[in-house]
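Read off the chains here:
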Amino acid sequence: MGTIYAYLYATRPWSWTASIISVLVAHVLTASPGNFFNLTLLNSIFLGAAVQCLANLVNTYFDNLNKVDTKNMSGGDRALVDGKVSPGGVVVLSIAMLVLSTLLALPLITQHSNSNSNRDDFTNNDMLVLFIVGVFLALTYTASPFNLKYYAMGDVVIMTAFGPCLMQFVSYVNSGVMNEEVTLFSIPIMLVTEAILHANNTRDIKSDAKSGATTLAVLFGFDNSVRFYTFLIAGAYVSTLWLALTRHIGLLIVFLTVPQALGLVKGISENNQKKLANVDESTAQFHMPFGILMVVGTAGDKAYLE
């Protein structure tokens, strides 16, 4: 069955930044002044991470089932193909993550369903809709019969699930309404999150194509995939600069991560198999400071204005 560590590894903890940062950015934008650290934030972080673990585990299971992941692949999650965990164990853990996600979401949903908060565009039930949509996207990214990843739709799925969907859910948790600023701030977050996924798919172009999985990277080819990766990173900075100039000037602190970004683009451009093996993890390691500095810059600017 494998060890506890092996199953933890199968959830890909290095990638949790995709959900955690989305929660933190949305929270800093919508939390009440002086009430940033609270149990609701902790609940939202665990909820986002649980849904992401669900998506990762389902992806591992179906990529193995459909022979997309093999022992010959150069990187990625090898826990199942190397026999460190069992298919049945991954299924059980996936179900556990689904149950955990639901248990974490229900208190947040009922909290606002029973409140008297004023609402702009959404009804009380829309938090439930956002949660269901998020879980549905996490499952259908790889799960049969949808297999959206295999039809070049995985990128849109992941950007939507861990961008506006999760971030607007957090907005609802804090304020009971949809927040336009959260949607705008989701743009750089989505682009960097997509960079993690695209880096993974760029590395796996040959193995994905051989198995019949059609990702954007397979359609683009390696050279154009590198260009698209560069576009995603550059787009994150351009959108952040626009937000800094029009919303919160403190976001300029994010540009401290530019040297790390340049190193990533240089690394993926070299088409070196050793460097490509962990290119998705390296991009996730960039995603974390990029997002944390967005939180710090926004929080500092809001504190100054208040």
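Notes on the structure in this doc start here. (Residues numbered from 1 in each chain as written. Predicted model: local features only at pLDDT ≥ 70, side-chain atom pairs only at ≥ 80, totals over all residues. Heavy atoms only, no water.)

**Let's talk about the overall build of the chain**
- Along the chain, the regular secondary structure elements total 13 helices and 0 strands.
- Since a compact globule built from 306 residues should have a radius of gyration of about 19 Å, the 19 Å found for the chain is in line with a globular shape.
- Burial analysis of the chain (306 residues in total) assigns 54% to the buried set.
- Looking at the chain alone, contacts between residues at least 24 apart form 75% of all its contacts between residues at least 6 apart.
- Approximately 13,600 Å² of the chain is accessible, and the part contributed by carbon and sulfur atoms is 66%. (Helix = DSSP H or I, 4+ residues; strand = E, 2+ residues; numbered from the N terminus. Rg over C-alpha atoms; globule rule 2.2 N^0.38 Å. Buried < 20%, exposed > 50% of the residue type's maximum accessible area, 1.4 Å probe, protein only. Contact = heavy atoms within 4.5 Å. Areas by Shrake-Rupley, 256 points an atom, 1.4 Å probe, with all protein chains shown as cover.)

**Remarks on the pattern of salt bridges**
- Throughout the structure, instances matching the rule amount to 4 salt bridges.
- For Asp82, the salt bridge goes to Arg78, with nearest N and O atoms at 3.0 Å.
- A relative accessible area of 32% places Asp82 in the partly exposed class.
- In this structure, Arg203 and Asp280 form a salt bridge, with 3.2 Å as the shortest nitrogen-oxygen distance. Here Arg203, found in helix α7 (residues 180-203), pairs with Asp280, found in helix α13 (residues 279-305); they are 77 residues apart in sequence, far enough to count as distant.
- On the basis of relative accessible area, Asp280 is assigned to the buried category, the value being 2%.
- Here the salt bridges share partners, and the residues they tie into one network are Arg203, Asp204 and Asp280. (Salt bridge = Lys/Arg side-chain N within 4 Å of Asp/Glu carboxyl O.)

**Things to note about the packing of helix α3 (residues 39-65) against helix α5 (residues 126-140)**
- At a minimum axis separation of 8 Å, α3 and α5 run at an interaxial angle of 25°. The orientation of α3 relative to α5 falls into the category roughly parallel. Here Leu47, Val51, Leu54, Ala55 and Val58 of α3 come into contact with α5, specifically with Phe131, Gly134, Val135, Ala138 and Leu139.
- The residue makeup of the contact of α3 with α5, split by class, is 9 nonpolar, 1 polar and no charged. (Axes fitted to C-alpha atoms, helices over the stretch in contact; angles between N-to-C directions. Parallel < 35°, antiparallel > 145°, perpendicular 65-115°, else oblique. Nonpolar A, V, L, I, M, F, W, Y, C, P; charged D, E, K, R; others polar.)

**Some details on the side chain of Asp208**
- Inspection of the secondary structure puts Asp208 in helix α8 (residues 205-211).
- In this structure, Asp208 is buried with no salt-bridge partner, the nearest side chain bearing the opposite charge being Lys149 at 4.9 Å.
- Sequence-distant contacts of Asp208, defined by excluding residues within four places in its chain, comprise Val68, Asn201, Ala213, Thr215 and Val218. (Lys, Arg positive; Asp, Glu negative; His and termini not counted.)

**Regarding unusual backbone geometry**
- Residue Pro145 is bonded to the preceding Ser144 through a cis peptide linkage, with omega at 5°.
- Turning to its location among the elements, Pro145 is positioned in the loop between α5 and α6 (154-175).
- The phi dihedral of Asn147 falls on the positive side, at around 50°, and the residue is not glycine.
- Note that Asn147 resides in the loop between α5 and α6.
- For Asn147, a relative accessible area of 10% translates into the label buried.
- Positive phi values are uncommon outside glycine, yet Ala152 reaches one of about 60°.
- Position of Ala152 relative to the elements: it lies in the loop between α5 and α6.

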